[in-house]
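Here is how the chains run, residue by residue.
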Amino acid sequence: MVLCVITEYRGIRFIAMIRDGIIEDLIPFYDDEKPKAGDIILGKVSDKVPGIQSAFVNLGEIKAYLPISGDSGIKAQDELPVLITKEASGNKEAVASSRLSLTGRYCVIQQSKGKPVFRISARITEPDERKRLEDGLKGLAEDFDIIIRTKAMDQDMDLITDEIRSLMDKLS
């Protein structure tokens, strides 16, 4: 099992990825750092605005706009991890998503909104290779959308499967 722990030590926030009691990744976030697109940050919902189906999430010094559906169950003061999808610019807030995704060398994994989606890069054009990848990987989707990247072409199936499982563990 993989745990994602967010903590603060001496004024610096850290995200630690822990597997079987061992820290695999330790990522520091400094107060003067602005969140960048692709960052996953623990935020606190400051306002929910039902009229525009959104919430604003406090990420420290800045806020992020978080589009939500009417039945999301998110309420003010909730803490939740968000993915920054667009950086703040000018007087516009950053844009965030509660749908987290992770990119690996061979695939991209994203939490599914409903029925899991499985896609293979359009750049993998050879029918036999597309069939090999689909037959070997499609059943792994579970609660995640999986996009197979071009780099997966002609790679060992166990290598790709291990990466998919590792990324799914981190998002679980």
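To be clear, the structure that these remarks concern was listed above.
This one's a predicted model, so the numbers in the text were calculated from it and none came from an experiment. (Residues numbered from 1 in each chain as written. Predicted model: local features only at pLDDT ≥ 70, side-chain atom pairs only at ≥ 80, totals over all residues. Heavy atoms only, no water.)

A. Seen up close, the side chain of Arg 99. Along the chain, Arg 99 falls in the loop between β8 (94–97) and β9 (101–103). A residue is classified by how much of its surface remains accessible, and Arg 99, at 19% relative accessible area, is buried. Among the polar contacts listed, one links the side chain of Arg 99 to the side chain of Gln 110, at a separation of 3.3 Å. Contact partners of Arg 99, with chain neighbours within four places excluded, come to Leu 83, Gln 110, Gln 111, Ser 112, Lys 113 and Asp 145. (Helix = DSSP H or I, 4+ residues; strand = E, 2+ residues; numbered from the N terminus. Buried < 20%, exposed > 50% of the residue type's maximum accessible area, 1.4 Å probe, protein only. Polar contact = N/O pair within 3.5 Å; in protein donor to acceptor, adjacent residues only side chain to side chain. Contact = heavy atoms within 4.5 Å.)

B. Local environment of the sheet that holds strand β12 (residues 144–148). The strand order across the open sheet formed by four strands is β9-β10-β12-β11, and the pairing between neighbours is mixed. Pairing within the sheet leaves two strands with one partner each, and these edge strands are β9 and β11 (118–120). The sheet shows a mean angle of 10° between the axes of neighbouring strands, direction not considered. For β9 and strand β10 (residues 107–111), the ladder comprises three bridges, and the chain directions are antiparallel. Note that in β10 the partner of Thr 103 across the bridge is Val 108. Sitting on the sheet, helix α1 (residues 127–137) touches β11 and β12, and the angle it makes with β11 is about 155°. In the packing of helix α2 (residues 157–171) onto the sheet, the strands contacted are β9, β10 and β12, and the crossing angle to β10 comes to about 30°. (Pairing = 2+ DSSP bridges. Axes fitted to C-alpha atoms, helices over the stretch in contact; angles between N-to-C directions.)

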